[in-house]
Amino acid sequence: MSEHRRKPRDIASNHADVSGMDAYRPDDARGGAGGPAATAPLSPRERLQRWWLMLGALLVLAAGIGMRGPTPSDEPRFALVARQMVESGNWLIPHRGTDWYSDKPPTFMALQALSYVVTGHWWVAFLLPSLLASIGTLWLIYDLARRLWGHRVGLWAGGALLCTIQFVFQAKRGQIDPTVTFFLTAANVGLLRHFLLGPDWRAFWFGCFAAGLGVITKGVGVLAFLMLVPWLVARHQAWHGLSPIAFRPLHWLGGIAAFAAAIALWLVPLLLYVHTHDSQTARAYVHDIFFNQTVNRYVHPWNSIQPPWFYLEVIFTSWLPLTLAVPGLLPAWWERLRSRDARLLLPLAWVVMLIVFFSLTRAKRDVYIMPALPLLALSAAPFLENIMQRRWAQWTAIGFLLVLGVATLGAGAAAWIAHPPAAERFVAARQLGDQAAWLWSMFIAMGAWLLCAALVFRLRRAGLAMLAGLAGVWLIWGLGIAPMLARASSPAALAARVEQTIGPQAELALVAWKEELPPVFTRKLTDFGFVTPWHTQLSDAILWQKEAPEQRWVLVLADVTPPCIDPAATKDMGVTSGRDWRLYRFDAVAPACRDGHVPTGGVEDWGGIDIRR
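Residues numbered from 1 in each chain as written. Predicted model: local features only at pLDDT ≥ 70, side-chain atom pairs only at ≥ 80, totals over all residues. Heavy atoms only, no water.

1. A closer look at the overall build of the chain
Here is step 1 of the chain: Looking only at helices and strands, one finds 24 helices and 7 strands in the chain.
Here is step 2 of the chain: A compact globule built from 613 residues should have a C-alpha radius of gyration of about 25 Å, and the chain, at 27 Å, falls within 12% of that.
Here is step 3 of the chain: Expressed as lengths along the three principal axes of its C-alpha atoms, the size of the chain is roughly 85 × 65 × 40 Å.
Here is step 4 of the chain: Across the 613 residues of the chain, 54% fall into the buried class.
Here is step 5 of the chain: Summed over all atoms, the accessible surface of the chain reaches about 26500 Å², with 64% contributed by carbon and sulfur.
Here is step 6 of the chain: In the chain, the 54 positive side-chain charges and the 41 negative ones have mean positions that sit 11 Å from each other. (Helix = DSSP H or I, 4+ residues; strand = E, 2+ residues; numbered from the N terminus. Rg over C-alpha atoms; globule rule 2.2 N^0.38 Å. Buried < 20%, exposed > 50% of the residue type's maximum accessible area, 1.4 Å probe, protein only. Areas by Shrake-Rupley, 256 points an atom, 1.4 Å probe, with all protein chains shown as cover. Lys, Arg positive; Asp, Glu negative; His and termini not counted. Charge placed at Lys NZ, Arg CZ, Asp CG, Glu CD.)

2. A look at the packing of helix α2 (residues 44-62) against helix α7 (residues 151-163)
Here is step 1 of the chain: Viewed as axis vectors pointing N to C, α2 and α7 meet at an angle of 5 degrees, and their least axial separation amounts to 10 Å. Between α2 and α7, the angle falls in the class roughly parallel. From α2, E46, Q49, R50, L53, A57 and L61 reach across to α7, where they touch H151, L155, G158, G159 and L162.
Here is step 2 of the chain: Considering only residue class, the contact of α2 with α7 consists of 5 nonpolar, 4 polar and 2 charged. (Axes fitted to C-alpha atoms, helices over the stretch in contact; angles between N-to-C directions. Parallel < 35°, antiparallel > 145°, perpendicular 65-115°, else oblique. Contact = heavy atoms within 4.5 Å. Nonpolar A, V, L, I, M, F, W, Y, C, P; charged D, E, K, R; others polar.)

3. Side note on the state of the cysteines
Here is step 1 of the chain: All chains considered together, the criterion is met by 1 disulfide.
Here is step 2 of the chain: Distance from the sulfur of C163, which forms no disulfide, to the nearest cysteine sulfur (C452) is 18 Å.
Here is step 3 of the chain: A relative accessible area of 10% places C163 in the buried class.
Here is step 4 of the chain: Among the residues examined, C452 registers a relative accessible area of 43% and is labelled partly exposed. (Disulfide = S-S within 2.5 Å.)

4. Considering the pattern of salt bridges
Here is step 1 of the chain: Taken as a whole, this structure holds 20 salt bridges when the rule is applied.
Here is step 2 of the chain: In this structure, the salt-bridge partner of K546 is D595, at a minimum N-O distance of 2.9 Å. Taken together, the positions of K546 in helix α23 (residues 534-546) and D595 in the loop between β7 (579-584) and α24 (606-612) put the pair 49 residues apart, joining distant regions of the chain.
Here is step 3 of the chain: Through salt bridges that share partners, D74, R77, R96, R365 and E515 make up one connected network. (Salt bridge = Lys/Arg side-chain N within 4 Å of Asp/Glu carboxyl O.)

5. Digging into a nonpolar patch on the surface
Here is step 1 of the chain: On the surface, W91, L111, L114, V117 and V118 cluster together into a nonpolar patch covering about 450 Å² of accessible area.
Here is step 2 of the chain: Along the chain, L111 falls in helix α4 (residues 107-119). (Patch = residues over 30% accessible without salt bridge, like charges linked within 9 Å, V, L, I, M, F, W, Y side chains within 5 Å.)

6. Examining the nonpolar core
Here is step 1 of the chain: L61, F195, W319 and L346 are the most contacted members of the largest nonpolar core, which totals 148 residues.
Here is step 2 of the chain: If sequence neighbours within four positions are ignored, F195 has contacts with M227, L228, W231, G241, L242, S243, I245, W252 and L346.
Here is step 3 of the chain: One finds A509, L517, I542 and Y584 within the second-largest nonpolar core, a separate group that totals 38 residues. (Core = buried A, V, L, I, M, F, W, Y, C linked by side-chain atoms within 4.5 Å.)

7. Considerations on the packing of aromatic side chains
Here is step 1 of the chain: Here the structure, examined in full by the defined rule, presents 23 aromatic pairs.
Here is step 2 of the chain: Between the aromatic rings of F225 and F259, the centroid separation amounts to 5.1 Å while the plane-to-plane angle is 85 degrees, which identifies the pairing as edge-to-face. Of this pair, F225 sits in the loop between α10 (201-215) and α11 (228-236) while F259 sits in helix α12 (residues 249-276), and the two are 34 residues apart along the sequence.
Here is step 3 of the chain: Residue F259 is classed as buried on the basis of its relative accessible area of 16%. (Phe/Tyr/Trp six-rings, centres within 6.5 Å; stacked < 30°, edge-to-face > 60°.)

8. Digging into helix α6 (residues 128-149)
Here is step 1 of the chain: If you check α6, its first and last C-alpha atoms are 32 Å apart, about what 22 residues at 1.5 Å a residue would give, namely 32 Å.
Here is step 2 of the chain: Within α6, 19 of the 22 residues are buried, which leaves the element mostly enclosed by the surrounding structure.
Here is step 3 of the chain: The first or second residue beyond α6 is G150, which carries a positive phi of 115 degrees. (Expected span 1.5 Å × (residues − 1).)

9. Things to note about unusual backbone geometry
Generally, phi is negative for residues other than glycine and the peptide bonds are trans, each holding for most cases.
Here is step 1 of the chain: A cis geometry characterises the amide bond from P72 onward to S73, with omega recorded as 15 degrees.
Here is step 2 of the chain: Within the secondary structure, S73 sits in the loop between α2 and α3 (75-88).
Here is step 3 of the chain: For the bond running from G198 to P199, omega is 5 degrees, close enough to zero to count as cis.
Here is step 4 of the chain: Here P199 shows up in the loop between α9 (177-197) and α10.
Here is step 5 of the chain: Positioned with a positive phi, H419 is a non-glycine residue whose angle comes to about 50 degrees.
Here is step 6 of the chain: Secondary-structure assignment places H419 in the loop between α18 (391-417) and α19 (421-430).
Here is step 7 of the chain: Its identity as a non-glycine residue notwithstanding, Q431 has a phi of 55 degrees, on the positive side.
Here is step 8 of the chain: As for its placement among the helices and strands, Q431 is situated in the loop between α19 and α20 (436-457).
Here is step 9 of the chain: You can call Q431 partly exposed: its relative accessible area is 34%.

The structure is reproduced here in structure tokens:
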């Protein structure tokens, strides 16, 4: 993708700007056709290049799928909800244990459950939606860049996205954000094809429908319509590159109908279910998912509090190495914006608006702005080839690989040979034991590969060095490191100890439990809620045990046991994910607590214990 060319070449118009910044001329931006290079059919060689891009992406993103189970923090929760969907047959109301799970709509977990129905393997199923969504996002960005500026720019757009740390890391995680990113990217692509390459009302309706799917996945799909703001500004000021869209009220209403239809796929069955099964729990679920988890969480957040500049840190770390091109991109973007090219204004303005929107709330997580990343790659793609022909950019790319390679190789070698305190603490916290040597060898291999990529490709092919070097890193991560870390942190060994202790005929309940615990047990479990305060869970567990004291056991977090559970009468089940777990029967309960009178504890939920620690 990053083949060196001896003569600077203008990507989309075959016109080399003296400064090397232009990727296309403003003359080519008139109308919505995208220029001859964009609309010409792909040659056999170009089709082959496109499929090599997608095949390479599949290899990198799918490496390791099926080799590990869910790991904290979010993966076990979604996987547990999906598993309960399959087991209960209720795919409309997600459950986490006995609780109705109202943090997110059920779409993503239903996709995981559907993946299990298709594959029959949970270690594949919980990762498959993220993999397919990421491949789909990559295809959409390549295809839109090709339509706007030509096949070669499409390759650069796809390659830039595939190199970015956050995109690949999240593609390998069983979390909701790659799916949300896909739906928002699909929505933006539909809108941009209408605004820049149309009129294309079918693309517009498709985009609106995809935005609706984004709403019923995480609620943020409506943000796709921020694209209307720069489009209206560009239309008012007669920017180049806009489609000549006539005012057709019924066609615009069709977009609203498509958006509403996607939301109705979930909303209508939900309201019918709640109306039919009216209860306090049902009403609380509706209120929480529509109000508390949306508006209230944005205005009055209760966790993940970060400073206003937090996303600048994310952009210049998690969006590496794409952000290394910023010194060349900023003047190029400014030049194109001055020439009023709407093909750059619309996607770039949406990226800025999305980042600003999530910066205005105090609650911030790095993945919140991930949907902006594909459009950033799209906005950068027309300029990347010319930038990579400059000496400073080549040195920056090779320097990045060298620094990362030396740091990784050095850290692995030091940990293997010298056993510094930081490495020992990491090994202990992860419960790696004898597997630590394997981990450090993987770090050494990763660093050596990065250094080899830099030395083999050198400055002349620095872009290809970046792509090959990072591809090797993700292959080693997916096939070697991630499965080993997942095995080390798995509670499967704890579950085996519990099963051996209580025998096959006993009953087991969980108190103050984590989402990764239920899937590793093969027996039926009892729980007393997940978000229920811990002292209330313990009270209910004691009353439950009292009905069959010889037969019923409780697995409880050690922090919750005082003052009602005698530690000396419990069985130590060991530590998993840094937490100490105890197993007890009714005879370990203090007499004062045997009627279910449990005082409020020092911490009552996982948020509280994490803050305390």
